[in-house]
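# Chain and residue survey
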Amino acid sequence: MMNKKIIAAWCVCASLAYGCQSNPTQNKQSNPTADTTVNLGFDSQIDGQEVRLFQLKNAKLTVSLTNYGARLVSLEVPDKEGKSRDVILGYDSAEEYKKNYNNYYGAIVGRYGNRIGKASFKLNGETFSLEKNDGDNSLHGGTNGVYNKVWKVVNNTATSITLAYTSPDGEAGYPGTVNMEVTYTLQDNGGLTIDYRATTDKETVLNLTNHAYFNLNGAGDPSILDHELQIAAKGITEVDATLIPTGKSLPVEGTAFDFTKAQAIGAHINDENAQLKIGKGYDHNFELDKKAGFQEVAAVYAPKTGIEMKIYTTEPGLQFYSGNFMKDTDPKGKDGKAYPFRSAFCLETQHFPDAPNHPGFASTVLKPGDTYSSKTEYRFLVR
Ligand code: BGC
């Protein structure tokens, strides 16, 4: 739960919605009840553009988001006692998100979510060089990625918001001017859907995903190792010592990666296993069994709160990251809560890491005239 000040700020923004983005000053004046002293770090400017906090709410979910990185800031769901729990990690101000950009809390990452090996790829014979921000590799689009940009709000209702960003040709090393849009919508069934659309004026690669860190016991609870996880995947993408796919698929059967039946995240996380050693835990792309279409691919259940999250997606892969690079000493999050080692997990729906360098992986190429389209839903239930 975030503090009262933030809730007040949300209400201001929710009531101003559109106007918060398009002309905040005018809207503040036209709303005499708006308390302009309670905007925290969210009513601010980054790169000379207005940053705001928005709230979506329905009978089951309350979500707050900022247009800085099109990111989820909080996601409140009822537990088995009906008590509201904020199940994602985040900060109380845009400034903290900016400062601690490289944990990507709640943001849309890209242009290429996850890694591109040696920070380079070829398209039609031309080599494109990206920023090396993860050893020799490029991670989540580099430091100039879309998570670090101020997006425009193009539509906003009580239960839905559409954010847009135009990434210029060559930005972060990627070809083509890419117009991207992300729509977050609350569904009556307890789902939060994320719809992605994009077009380009030059052939390029694109792989957008949301990088929310979840703890279904509530953000700030010290561990996710008790959470029971199920993933409909018979294989993972083997990685080398730098977490780049070798091109080989490893069967999960009989290994610590077998989540075909629900098992606690902590059950095998410390097994002797070469892949777990490289990731310092789980940090792998699960090759989803699903065929084309929008399908349920994973579920996570927290026995303590009774909260269950089901994941549906159109994507072929799911990056399961068990918070292995989180440190007990990391900067505190919302409400001053500590987020220690493995106190959150990410399940990022995506095309496979480094696909531009692996012709055998599903293609991430986007051509002029085509529309990039992807959909994911995080659906919350209690049992
Ligand atoms: C990656 C991890 C990385 C984390 C935060 C995940 O998507 O797979 O290796 O540490 O993002 O950057």
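Provided above is the structure to which this section pertains.
Residues numbered from 1 in each chain as written. Predicted model: local features only at pLDDT ≥ 70, side-chain atom pairs only at ≥ 80, totals over all residues. Heavy atoms only, no water.

## What to know about the overall build of the chain
A tally of regular secondary structure across the chain gives five helices and 28 strands. Of all 383 residues assigned to the chain, the portion counted as buried reaches 58%. Look at the contacts in the chain between residues 6 or more apart in sequence, and 68% of them connect residues 24 or more apart. Roughly 14800 Å² of accessible area belongs to the chain as shown, and the carbon and sulfur atoms make up 50% of that amount. (Helix = DSSP H or I, 4+ residues; strand = E, 2+ residues; numbered from the N terminus. Buried < 20%, exposed > 50% of the residue type's maximum accessible area, 1.4 Å probe, protein only. Contact = heavy atoms within 4.5 Å. Areas by Shrake-Rupley, 256 points an atom, 1.4 Å probe, with all protein chains shown as cover.)

## Some thoughts on the environment of glycine 176
If you trace the backbone, glycine 176 turns up in the loop between strand S13 (160-167) and strand S14 (178-186). Taking the C-alpha atoms as reference points, glycine 176 and leucine 366, separated by 190 residues in sequence, lie 9.6 Å from one another.

## Observations concerning the site of the ligand
Near the ligand the following residues occur: Tyr104, Asn114, Arg115, Leu139, His140, His211, Tyr213, Asp283, Gln319, Tyr321, Phe325 and Glu348. One of the side-chain N or O atoms of arginine 115 is found 2.7 Å from an oxygen atom in the ligand. One nitrogen or oxygen atom from the side chain of histidine 140 is found 3.1 Å from an oxygen atom belonging to the ligand. Out of a free accessible area of 310 Å², the ligand has 94% covered by protein chains. With respect to the pocket detection grid, the ligand is positioned in the largest pocket. The residue inventory of the shell around the ligand, partitioned by class, reads five nonpolar, four polar and three charged. (Near = heavy atom within 4 Å. Polar contact = N/O pair within 3.5 Å; in protein donor to acceptor, adjacent residues only side chain to side chain. 1 Å grid on protein atoms, 1.4 Å probe; cavity = no way out; pocket = protein on both sides within 12 Å on 5 of 7 lines; lining within 4 Å. Sits in = over half its atoms within 2 Å of the grid points. Nonpolar A, V, L, I, M, F, W, Y, C, P; charged D, E, K, R; others polar.)

## What about the environment of phenylalanine 121?
For phenylalanine 121, the location among the structural elements is in strand S9 (residues 120-123). In contact with phenylalanine 121, not counting residues within four places along its chain, are Ile116, Glu126, Thr127, Phe128, Leu130, Tyr174, Pro175, Val205, Pro356 and Asn357.

## Thoughts on the packing of aromatic side chains
Evaluation of the coordinates by the stated rule reveals 22 aromatic pairs. Where tyrosine 321 meets phenylalanine 325, the ring centres are 6.1 Å apart and the plane angle is 25°; that geometry is what we call stacked. One aromatic cluster is present, formed by Phe42, Tyr91, Tyr97, Tyr105, Tyr213, Tyr321, Phe325 and Tyr339 through successive ring pairs. The ring of phenylalanine 294 has lysine 375 lying over it, and the distance from NZ or CZ to the ring centre is 5.0 Å. Over the ring of tyrosine 301 we find arginine 383, and its NZ or CZ is 3.7 Å from the ring centre. (Phe/Tyr/Trp six-rings, centres within 6.5 Å; stacked < 30°, edge-to-face > 60°. Lys NZ or Arg CZ within 6 Å of the ring centre and 35° of its normal.)

## Structural notes on the layout of surface pockets
Empty space among the atoms can be located by rolling a probe the size of a water molecule over them. In this structure, the largest pocket encloses a volume near 560 Å³. Looking at the largest pocket, it is lined by 28 residues, and the ones nearest its centre are Asn102, Tyr104, Leu139, Tyr321 and Phe325. Across the lining of the largest pocket, the residue classes tally to twelve nonpolar, ten polar and six charged. (Points joined across faces, edges and corners; volume = space filled by probe spheres on them.)

## Considering empty space enclosed by the protein
Applying the stated criterion across every chain, the model contains one cavity of 30 Å³ or more. Each pocket or cavity is described by its volume, and for the largest cavity that value is around 30 Å³. Contributing to the lining of the largest cavity are Asn114, Arg115, Val239, Leu243, Asp283, His284, Asn285, Gln319 and Pro353. At three residues, the largest contribution of residues to the lining of the largest cavity is made by strand S22 (residues 283-288). Split by residue class, the lining of the largest cavity holds three nonpolar, four polar and two charged.

## Topic: the sheet that holds strand S23 (residues 295-302)
Taken together, the nine strands give an open sheet; going across it, the order is S12-S13-S14-S15-S28-S24-S23-S18-S21, and neighbouring strands pair in antiparallel fashion. The outermost strands of the open sheet, each flanked by one partner alone, are strand S12 (152-156) and strand S21 (263-264). Both strand S15 (residues 191-200) and strand S28 (residues 372-382) contribute to a ladder of eight bridges, which runs antiparallel. In the sheet register, tyrosine 196 faces S28, and the bridge partner there is serine 374. (Pairing = 2+ DSSP bridges.)

## Remarks on the sheet that holds strand S26 (residues 346-350)
Taken together, five strands build an open sheet; the order of strands is S20-S19-S22-S25-S26 and the sheet is antiparallel. Edge positions in the sheet fall to strand S20 (245-251) and S26, since each has one partner strand and no second. The sheet shows a mean angle of 30° between the axes of neighbouring strands, taken without regard to direction. Examined bridge by bridge, strand S25 (residues 317-321) and S26 share five bridges and lie antiparallel to one another. Directly across from phenylalanine 320, in S26, lies its bridge partner leucine 347. (Axes fitted to C-alpha atoms, helices over the stretch in contact; angles between N-to-C directions.)

## Brief notes about the pattern of salt bridges
Under the counting rule described, the total for this entry stands at 13 salt bridges. Note that aspartate 169 and lysine 202 form a salt bridge whose closest N and O atoms lie 2.4 Å from each other. Residue aspartate 169 is found in the loop between S13 and S14, and its partner lysine 202 is found in the loop between S15 and strand S16 (204-205); the two are separated by 33 residues along the sequence. Judged by its relative accessible area of 38%, aspartate 169 falls in the partly exposed class. The exposure class of lysine 202 is partly exposed, given its relative accessible area of 39%. Shared partners join several salt bridges into a network, and the residues in it are Asp43, Glu50 and Arg52. (Salt bridge = Lys/Arg side-chain N within 4 Å of Asp/Glu carboxyl O.)

## Focus: the pairing of strand S24 (residues 307-313)
Remark: a regular strand shows side chains that alternate across the two faces of the sheet. The element S24 is extensively covered by neighbouring structure, given that six of its seven residues are classed as buried. Sheet analysis places S23 next to S24, joined by seven bridges and oriented antiparallel. Bridge pairing links glutamine 295 to threonine 313 in S24. As consecutive antiparallel partners, S23 and S24 are separated by four residues, and within that stretch glycine 306 has a phi angle of approximately 75°, a positive value. Relative to S28, S24 is paired through seven bridges, and the arrangement is antiparallel. Pairing of lysine 310 across the sheet is with arginine 379, part of S28.

Keep in mind these numbers describe shape, not what the thing actually does.
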